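What follows is each chain in one-letter form.
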Amino acid sequence: MNKKEFLEFLRKKLRRFKKLDVDEIITYYDEIILDTMQSENFSEEQAVVSLGKPENIIKDVAGDMIANKKTNGINGALILIGIFSSPVLLPITIVIITMYLVVFAVWLVLIVSFAYGSLASLVWGIYAIFLYKDIGLIMLSVGLGLIAFIALGFFTVIITKYGWKLLNFITVSFATKLKRRKKA
Amino acid sequence: MDAQLKKGILDACVLASLQKGNSYGYMLLKSISTLIDISESTLYPILRRLKKAEYLTTYSSENNGRLRKYYAITEKGKEKLKIFCNEWQDVVKIFQFIKGE
């Protein structure tokens with residue numbers, strides 16, 4: 001690695017920090033490399049090698065900056081700006097929000113139909129007592145109505161529970177993706 | 001050497017080196033590394049911290065057709081170095097206690 005490549009590597013790895021701080025670090029290493037070359041009669045590459053592993057340098061320098069809390073704080077508004085200015089994140093966000101809405105709509109439709117269905121079966125079972133004169137038909141209607149009520153009620157509970165879990169899962173995975181992107 | 005102990009000693013080494021005369025990054029490294037292991041990436045945070053605490057100031061001066069950043073100790077820095085040396089006598093006593101003398 002020559003000096004230019006090394007300094008570009010540093011800048012790339014430190015890009016999440018304040019530009020002013022990074023500029024200062026770049027100037028520092030630029031000067032050290034030039035002085036090392038001059039004093040030791042080193043080539044650019046030799047001088048860069050004498051600094052040690054670039055990964056360790058990043059670790060030291062970035063660790064110090066984090067300790068000094070000099071990072072650019074990322075708040076909600078910045079995330080939104082980031083999403084809307086990113087050619088990759090914006091479509092991803094739209095897709096995820098759409099998925100969210102679709103899951104929510106399906107969930108809502110199922111709950112409403114199952115809830116109404118179970119109530120209707122119950123009401124129909126009771127109504128059958130007055131509708132039919134035959135005790136056998138009444139028993140059959142009330143029985144079927146009760147079975148339908150219990151089954152659909154059970155489905156409503158299950159769908160509410162898992163629908164909620166699915167929505168949570170989508171939200172969490174979306175948030176994790178955002179976080180990872182922020183870190184990268 | 002213990003990291004915490006080394007941190008304090010390195011600060012004092014940088015200030016002591018500057019008390020002998022203004023210096024720049026590479027020269028500071030050369031003069032301190034004869035005594036204690038120090039790398040470019042450890043020196044940088046120290047310089048930054050000492051500057052923030054106003055123990056040293058910086059200025060740029062042209063050398064061989066390029067600008068070089070020089071560091072100079074301040075009065076506050078000299079004071080800090082004195083305190084460090086005074087505290088060191090206590091450290092020696094503690095050291096003797098640890099060694100069991």
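Residues numbered from 1 in each chain as written. Chains lettered and ligands numbered in written order. Predicted model: local features only at pLDDT ≥ 70, side-chain atom pairs only at ≥ 80, totals over all residues.

1. What about the overall build of chain B?
Line of reasoning, step 1. Tallying secondary structure elements over chain B gives four helices and three strands in all.
Line of reasoning, step 2. Start at the N end of chain B and walk to the C end: the helices and strands fall as α-β-α-α-β-β-α.
Line of reasoning, step 3. The long-range share in chain B, meaning contacts at least 24 apart out of those at least 6 apart in sequence, stands at 48%. (Helix = DSSP H or I, 4+ residues; strand = E, 2+ residues; numbered from the N terminus. Contact = placed C-beta atoms within 7 Å.)

2. Side note on the nonpolar core
For soluble globular proteins, the rule of thumb is that nonpolar side chains tend to be buried together.
Line of reasoning, step 1. Counting 29 residues, the largest nonpolar core has Val-14, Leu-47 and Leu-50 of chain B as the members making the most contacts within it.
Line of reasoning, step 2. Elements that contribute at least two residues to this core include exactly α1 (3-13), α2 (19-40), α3 (44-50) and α4 (54-67) of chain A together with α1 (3-19), α2 (25-33), α3 (40-52) and β3 (66-73) of chain B. (Core = buried A, V, L, I, M, F, W, Y, C linked by C-beta atoms within 7 Å. Buried ≥ 20, exposed ≤ 12 C-beta atoms within 10 Å, placed from the backbone.)

3. Points about the interface of chain A and chain B
Line of reasoning, step 1. Every contact between the two is made by 16 residues of chain A and, on the other side, 11 residues of chain B.
Line of reasoning, step 2. If you list the elements that add at least two residues to the side of chain A that touches chain B, you get α2 and α4 of chain A.
Line of reasoning, step 3. For the side of chain A that touches chain B, the element with the most residues is α2 of chain A, which contributes nine residues.
Line of reasoning, step 4. Of the residues belonging to the side of chain A that touches chain B, the class tally is eight nonpolar, four polar and four charged. (Nonpolar A, V, L, I, M, F, W, Y, C, P; charged D, E, K, R; others polar.)

4. Things to note about unusual backbone geometry
With glycine set apart, most residues show a phi of negative sign, and most peptide bonds adopt trans.
Residue and element names in this part refer to chain A.
Line of reasoning, step 1. Even without being a glycine, Asn-41 presents a positive backbone phi close to 60°.
Line of reasoning, step 2. Counting through the fold element by element, Asn-41 comes out in the loop between α2 and α3.
Line of reasoning, step 3. By the C-beta count within 10 Å, which is 9 here, Asn-41 ends up exposed.

5. So, α2 of chain B
Line of reasoning, step 1. Among the residues of α2 of chain B, Gly-25, Tyr-26, Leu-29 and Ile-32 of chain B are the ones counted as buried. Along the axis of α2 of chain B, the buried residues cluster in a sector spanning 140°; they form a single face.
Line of reasoning, step 2. Those residues of α2 of chain B that are buried are in contact with α2 of chain A together with α1, β1 (23-24), α3 and β3 of chain B. (Arc of directions from axis to C-beta.)

6. Side note on the sheet that holds strand β2 (residues 56-63) of chain B
Residue and element names in this part refer to chain B.
Line of reasoning, step 1. Read from one edge to the other, the open sheet built from three strands follows the order β1-β3-β2, with strand pairing classed as antiparallel. Two strands lie at the open edges of the sheet, namely β1 and β2, each paired on one side alone.
Line of reasoning, step 2. Here β1 runs beside β3; their pairing, made up of two bridges, is antiparallel. Within the sheet, the bridge partner assigned to Tyr-24 lies in β3 and is Tyr-70. (Pairing = 2+ DSSP bridges.)

7. Structural notes on the packing of α1 of chain A against α2 of chain A
Residues and elements named next belong to chain A.
Line of reasoning, step 1. In the contact formed by α1 and α2, the axes pass within 10 Å of each other and the chain directions differ by 155°. One finds that α1 runs roughly antiparallel with respect to α2. By crossing handedness, the relation of α1 to α2 is classed as right-handed. Here α1 contributes Lys-3, Leu-7, Leu-10 and Arg-11 to the contact with α2, which in turn contributes Val-22, Ile-25, Ile-26, Tyr-29, Asp-30 and Ile-33.
Line of reasoning, step 2. A per-class count over the contact of α1 with α2 returns seven nonpolar, no polar and three charged. (Axes fitted to C-alpha atoms, helices over the stretch in contact; angles between N-to-C directions. Parallel < 35°, antiparallel > 145°, perpendicular 65-115°, else oblique. Left-handed = near helix turned anticlockwise from the far one by under 90°.)

8. A closer look at the pairing of β2 of chain B
All names here are of chain B.
Line of reasoning, step 1. Here β2 pairs with β3 via eight bridges, running antiparallel. From the neighbouring strand, Ser-61 faces β3, where its bridge partner is Arg-68.
Line of reasoning, step 2. Where β2 folds back onto β3 in an antiparallel hairpin, the turn is made up of two residues, including Asn-64, whose phi is positive at roughly 55°.

9. Quick word on α2 of chain A
Line of reasoning, step 1. Over its 22 residues, α2 of chain A runs 31 Å from end to end, which matches the ideal 32 Å to within 8%, given 1.5 Å per residue.
Line of reasoning, step 2. Where α2 of chain A is concerned, the buried positions are Ile-25, Tyr-28, Tyr-29, Ile-32, Ile-33, Asp-35 and Thr-36 of chain A.
Line of reasoning, step 3. Buried residues along α2 of chain A sit in contact with α1, α3 and α4 of chain A together with α2 and α3 of chain B.
Line of reasoning, step 4. Asn-41 of chain A sits one or two positions beyond α2 of chain A and adopts a positive phi of about 60°. (Expected span 1.5 Å × (residues − 1).)

10. Considerations on the environment of Ala-128 of chain A
Residue and element names in this part refer to chain A.
Line of reasoning, step 1. By the secondary structure assignment, Ala-128 is in helix α6 (residues 89-131).
Line of reasoning, step 2. Note on Ala-128: 18 C-beta atoms within 10 Å, which makes it partly exposed.
Line of reasoning, step 3. With 13 residues separating them in the primary sequence, Ala-128 and Ser-141 have C-alpha atoms 6.1 Å apart.

11. Digging into the confidence of the model for chain B
All names here are of chain B.
Line of reasoning, step 1. In this model, chain B carries an average pLDDT of 91, and 100% of its residues clear a pLDDT of 70 or more.
Line of reasoning, step 2. Mean pLDDT across the elements of chain B ranges from a minimum in α1, with 89, to a maximum in β1, with 95.
Line of reasoning, step 3. Among the prediction metrics, the complex's ipTM stands at 0.87, with pTM recorded as 0.57. (pLDDT = per-residue confidence, 0-100.)

12. Focus: the packing of α1 of chain B against helix α4 (residues 75-99) of chain B
Residue and element names in this part refer to chain B.
Line of reasoning, step 1. Closest axis-to-axis distance for the α1/α4 pair is 10 Å, and the angle between their directions is 125°. With respect to α4, the element α1 is oriented oblique. Taken as a pair, α1 and α4 cross one another with a handedness that is left-handed. On α4, the residues touching Ala-12, Leu-15, Ala-16 and Gln-19 of α1 are Gly-77, Lys-78, Lys-80, Leu-81 and Phe-84.

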